[in-house]
Amino acid sequence: MTTTEARLSTAAQPPVAPPVDRTARRTALEEAVLPAVVALLVAAIVGDILILTFGQSPGTVYRLLLEGTWGNAYGLGQVLYKATTLTFTGLAVAIGLRAGLFNIGAESQLAAGGFVAALVGLLLPAGMPALLTLPVYLIAAAAGGGIVGGVPGVLKAKFGAHEVITTIMLNFIVLALLNYLTAAHLKVEGSLHTAAIHSGALPRFSSYIEPFHGSAANVVLFIALVTAIVTWWFLFRTRRGFELRATGLQPEAAEYGGINVGNVWWRAMTLSGALAGIGGLNFVLGYKHYYEDSFASGAGFLGIAVAIVGRNHPLGVVLAALVFATISQGGLAVNAVVPKQMVDVLQAVVIIAVAASVPEVRRMLRKAR
Amino acid sequence: MADSGSQSPAIRLTDIVKSFGPVLANRGASLEVARGEIHALVGENGAGKSTLMRVLSGMYVAESGRMEVNARDVTGWSTADAIDAGVGMVHQHFMLVPTLTVAENVMLGRELTKGGQLDRARAEREVAELSRTTGLAVRPERKVADLSVGEAQRVEILKTLYRGAKILILDEPTAVLSPPEIEELWQVLGQMRDRGETIVLITHKLDEVMAISDTITVMRHGRTVGRLRTSDTTPSEIAKAMVGRDVQLAMNYVSEETSSGPSVSAHSSAVESLLAVRDLVVTNVRRLTAVDHVTFAIAAGEILGIAGVEGNGQTELLEALAGLRPIRNGSIHISRRDVTNLSVKERGDAGLSHIPEDRHARGLILEYSVAENLILGQQHRFTRGIQLDRDRVLDNARKQIDAFDVRPADPQLPARALSGGNQQKIVIAREMGREFQVLLAAQPTRGVDVGAIEFIHAQLRAARSAGKAILLVSADLAEILALSDRIAVMYGGKLVATVPRVDASAEVLGPYMTGAATGHAA
């Protein structure tokens, strides 16, 4: 880098802004929401181009996509099912990012949560009422995910090991271990899943509403929504949430404010892992009632995108989970006219567009005033 | 207006407007500087001085206005154009590569090569020659990381001159220098002026303006509000132009004797020491000894000032006292209670308040609201169950905003939206607006405007009168002299001298600050 460039880069910071009025808060809201909207528009344009290259009409494809997702009860049920898992993994990644930690391990934390819940389910006596077993399952799933998340947290707090490295590596270790345990010891012959749990299975929506027949949507959706609300309350209303966010924003200032940053790190990672782990209940307790190897492959990684598009806000995470679930399910609906790989591309475009549009949209908003 | 009759001015800026989003940094600023003079550009923080000079040096492009250099219209030029035309700026924060040598840093961007390889020998020769002719003494083969702050600044100036600068802009050059280093800088600048070079000095220190400048331009709120000849004006006239009202300028020492009843003498053994530090040893990030067997005590109603050039262990001392940095040896007592092994939070509960030296890194969470920042470190006192009690947080904020005159008075605004002076007032309000016995005040007025300095100094004096013990660390010797009852000089991690205020002056302390004098005065 030449000296001129070095000077330019440091000169780019404007002086501290003088007093501003109350529009600052409205500005903050716009800056939080608009980048996601812009990103979706950009993704839609890229989607149009892709569709045209396959010789199809974008209008037709988007209509198919909507009809196959929100347009009928089965499609909607599938969207809600996928959105449920993504809400948990999105909240997990978001709470990590709020503490300044990038948890790449939601994938294995989700699997571990589902696995431990299924193990507990196999041990429980048959016929216990769901109201009694639900807390047990919640604790089991949270513990499974929480341990897998907590280990990188402790390694970071005690030894300064970077959580990105350790969570990626733990993904390999944990997924391999679960695969081994399932394949070698727990599987039902001829499959890669365990036997069915004995009690406490939660009902699918189709038990109450016939048109949902065949879709995986189940009442764990409501657990996800309650979890999002509790996460919001924890982050923005409690002392521990105040300390967690402070640590994420400015660890040095947090330390100055009497906050033990190392403790915040391992607790946040444990909490993050626990949230992802509870997501495993969506499959194990709500859908199939057994643990199956790689039951939600990719949902942990997609949680990173959900958190980023949702701007690490629980409400944003729920909305982003619905968007990604729609795109994901929509890919199956349009498979007849365009390859379903197109939706993978679209998901990636949304993420890139958000990453690029956050600073750019903010800059344009400021310029416009 | 031009001083030099027929000769065109070196710089003429007319009605410069430059904004950053909604913030107008320059709203019609003008500047005229004659050739071969030292021109002081003064104003409070945020007056738009640095912005105007960055426009002149091509870093920013102004929205409107006209720029002339040596009678040539240069409106909207680039940094490369400015360098080619001999306009160079030395920034407040050094832009040097610490792992490279002086010569390598100087030639960076204009590397000399021989057969594709860097020609270090020639670079060193040329830098040595330039160093000799300008009086900016520094050895070209030394690594920048090993230099003192004063030497690093000389390298910055050399770098600018090496690129052929005839018009030199210096942004707050004395902020990190000791008094003898400042004297040297004035000599070098004086020689440069005598050789016909033009110098613009950005500063808000009036003693510097009086000591070195020929003419003065005063800026306020982005506008030029005055142009003065140094020989025809007084510091109070300049200060009035800067602030727009009369200011209590003299930062005179007001001792307890003169201000309130019986004196509280630091030397009287009958007085309780609120802060007692014994044989403290602290290491820095590179595991080198930064605080070297330091012992001192501060009595109730006493301000102990620590003078010294930055980087002599003050930061490590403060962090160790606050509980932010582990210590190697020694003990710390607050109100006779051993706090050596207590956490930051426990020390706070034991009566320690701390105004940290860097409010942007430690003192504030810029994205948090004013109200949230006003409870940072006290969050465990504002709870209802496991929740934060938002009503009490807001009540506390309204009270503190009112008591410490934080503007704008909106507890919900993010701290980032406030000016530097008001941000510092948040820190002061939080640390001084609650129960405490001992206050660590590090650079309490850094980057704060004249009006806020007055206010903060008054708060510190009031705390002393209320019987608190205050450790004041400041790079500004005038501030140390204005407030302290006793002054200790820190050099190389040691307290090399401790003198009562009556015996202290820049002349007495200067040699200790540079290490020229050692040993322990009374």
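The rules behind these values
- Residues numbered from 1 in each chain as written.
- Chains lettered and ligands numbered in written order.
- Predicted model: local features only at pLDDT ≥ 70, side-chain atom pairs only at ≥ 80, totals over all residues.
- Axes fitted to C-alpha atoms, helices over the stretch in contact; angles between N-to-C directions.
- Helix = DSSP H or I, 4+ residues; strand = E, 2+ residues; numbered from the N terminus.
- Parallel < 35°, antiparallel > 145°, perpendicular 65-115°, else oblique.
- Left-handed = near helix turned anticlockwise from the far one by under 90°.
- Contact = placed C-beta atoms within 7 Å.
- Nonpolar A, V, L, I, M, F, W, Y, C, P; charged D, E, K, R; others polar.
- Pairing = 2+ DSSP bridges.

Q: Please give an account of the packing of helix α5 (residues 106–123) of chain A against helix α13 (residues 299–309) of chain A that cites residues and values.
A: All names here are of chain A. Orientation of α5 relative to α13, taken along the N-to-C sense of each, is 125°, at an axis distance of 6 Å. When the axis of α5 is compared with that of α13, the two are oblique. Crossing of α5 against α13: the hand is right-handed. Contacts from A106, E107, S108, Q109 and L110 of α5 reach α13 at A299, G300, F301 and G303. A breakdown of the residues in the contact of α5 with α13 according to their chemical character gives four nonpolar, four polar and one charged.

Q: An account of the packing of helix α4 (residues 73–98) of chain A against α13 of chain A is requested, with residue identities and associated values reported.
A: All names here are of chain A. Packing of α4 against α13 leaves a shortest axis separation of 7 Å and a crossing angle of 60°. Taken as axis vectors, α4 and α13 run oblique relative to one another. Helix-helix and strand crossings are classified by hand; for α4 and α13 the assignment is right-handed. Taking contact as the criterion, the partners of T85, L86, T89, G90, A92, V93, A94 and L97 in α4 are, on α13, A299, G300, L302, G303, I304, V306 and A307. Of the residues that constitute the contact of α4 with α13, the class distribution is ten nonpolar, five polar and no charged.

Q: Account for the sheet that holds strand β6 (residues 87–90) of chain B, with residues named and values stated.
A: Residue and element names in this part refer to chain B. Ordered in space as β6-β9-β10-β3-β11-β12, the six strands form an open sheet in which the pairing is mixed. This sheet does not close on itself; its edge strands, each paired only once, are β6 and β12 (223–229). Taken pair by pair, the neighbouring strands of this sheet meet at an average axis angle of 20°, ignoring direction. Where strand β9 (residues 167–171) lies against strand β10 (residues 198–203), five bridges are found, and the strand directions are parallel. Its bridge partner being in β10, L168 is matched across the sheet by I199. With respect to the sheet, helix α8 (residues 235–243) is in contact with β3 (38–42), β11 (215–220) and β12, its orientation differing from that of β11 by roughly 30°.

By themselves these figures say nothing about function.
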